[in-house]
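# Structural description and commentary
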Amino acid sequence: MSELIVGKNVVASVHYTGTMPESGEVFDSSEGRDPLTFLVGHGQMIPGFEEEIQGAKIGEKRTFTLTPDKAYGERQDEAMMKIPREEFSALEEESKLEIGMTLVAQMQHGPAPFTVTELTDDEVTADFNHKLAGESLKFAVEIIELRDADAEELSHGHVHGPNGHHH
Ligand code: ZN
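Predicted model only: the values in this text are computed from it and were never measured. (Residues numbered from 1 in each chain as written. Predicted model: local features only at pLDDT ≥ 70, side-chain atom pairs only at ≥ 80, totals over all residues. Heavy atoms only, no water.)

### Points about the coordination of the zinc ion
Taken together, the protein donors to the zinc ion comprise His156 (ND1), His158 (NE2), His160 (NE2) and His167 (NE2), at separations of 1.9 to 2.2 Å. Here the zinc ion binds 4 donor atoms, and the angle range of 100 to 124° at the metal identifies the geometry as tetrahedral. When the donors of the zinc ion are listed by position in the chain, the intervening gaps give H-x1-H-x1-H-x6-H. (Donors = N, O, S within 2.8 Å, 3.2 Å for Na, K, Ca; no water. Tetrahedral: all angles 85-135°; square planar, octahedral: opposite > 155°, others 65-115°.)

### What about the domain arrangement of the chain?
Under the domain assignment used here, the chain contains domain 1 (10-72 + 132-156) and domain 2 (77-127). In this structure, domain 1 and domain 2 have C-alpha centres spaced 31 Å apart. (Domains from an automatic or database assignment.)

### A closer look at the packing of aromatic side chains
By the definition in use, this model includes 8 aromatic pairs. An angle of 90° between the planes, with centres 6.4 Å apart, marks the rings of Tyr16 and Phe49 as edge-to-face. Pair noted here: Tyr16 is in strand 1 (residues 10-19) and Phe49 is in helix 1 (residues 47-53), with a separation of 33 residues, a long-range link. In this pair, the class of Tyr16 matches that of Phe49, namely buried. For the ring pair Phe38 and Phe49, a centre distance of 6.1 Å and an interplane angle of 70° mean the geometry is edge-to-face. You can see Phe38 sitting in strand 3 (residues 36-39) and its partner Phe49 sitting in helix 1, a full 11 residues away along the chain. Judged by relative accessible area, which is 2%, Phe38 ranks as buried. Here Phe49 falls in the buried class, since its relative accessible area comes to 1%. Among the aromatic side chains, those forming a connected cluster through ring pairs are Tyr16, Phe27, Phe38, Phe49, Phe64 and Phe139. (Phe/Tyr/Trp six-rings, centres within 6.5 Å; stacked < 30°, edge-to-face > 60°. Helix = DSSP H or I, 4+ residues; strand = E, 2+ residues; numbered from the N terminus. Buried < 20%, exposed > 50% of the residue type's maximum accessible area, 1.4 Å probe, protein only.)

### Concerning the pattern of salt bridges
In this structure the tally under the stated criterion is 5 salt bridges. One salt bridge connects Arg75 with Asp127, and the closest N-O pair in it is separated by 2.7 Å. Separated by 52 residues along the polypeptide, Arg75 in the loop between strand 4 (61-66) and strand 5 (80-84) and Asp127 in strand 8 (residues 123-127) bring together distant segments of the chain. (Salt bridge = Lys/Arg side-chain N within 4 Å of Asp/Glu carboxyl O.)

What follows is the structure, given as structure tokens:
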């Protein structure tokens, strides 16, 4: 039996810390939580993250920096939308709209988070770009566990079990 390595159709559990390469600011980390578990090769992760850990063994640590095209993509002007402020009237009864706040719009394809970037009396400018779009990102990753996916996981394209989907 050969030792499992990270590759397509393997379930990987990893600890990771993501930082901004220049400031060193941590934007996400699994530290203090369960490791992140995902099915490799099914588009569950940003592309560069999977590419950079290909072939890694359990216990291996890798550090890499991803350009935006390998992470959350470039920022897109089309993802900026002006929405009539009256659509927020229900919300505004409870709280104030403020620049920089993150809200979630219910779209046909599901929830879509956006950031309020501009406010006028009539309009709210909503930025649907991912917060990390346009950014290069640095990751430190440690492979905690690897196993083969089962047939059901492969057909669903995601992991089942304690750290995966429950359904
Ligand atoms: Zn499933």
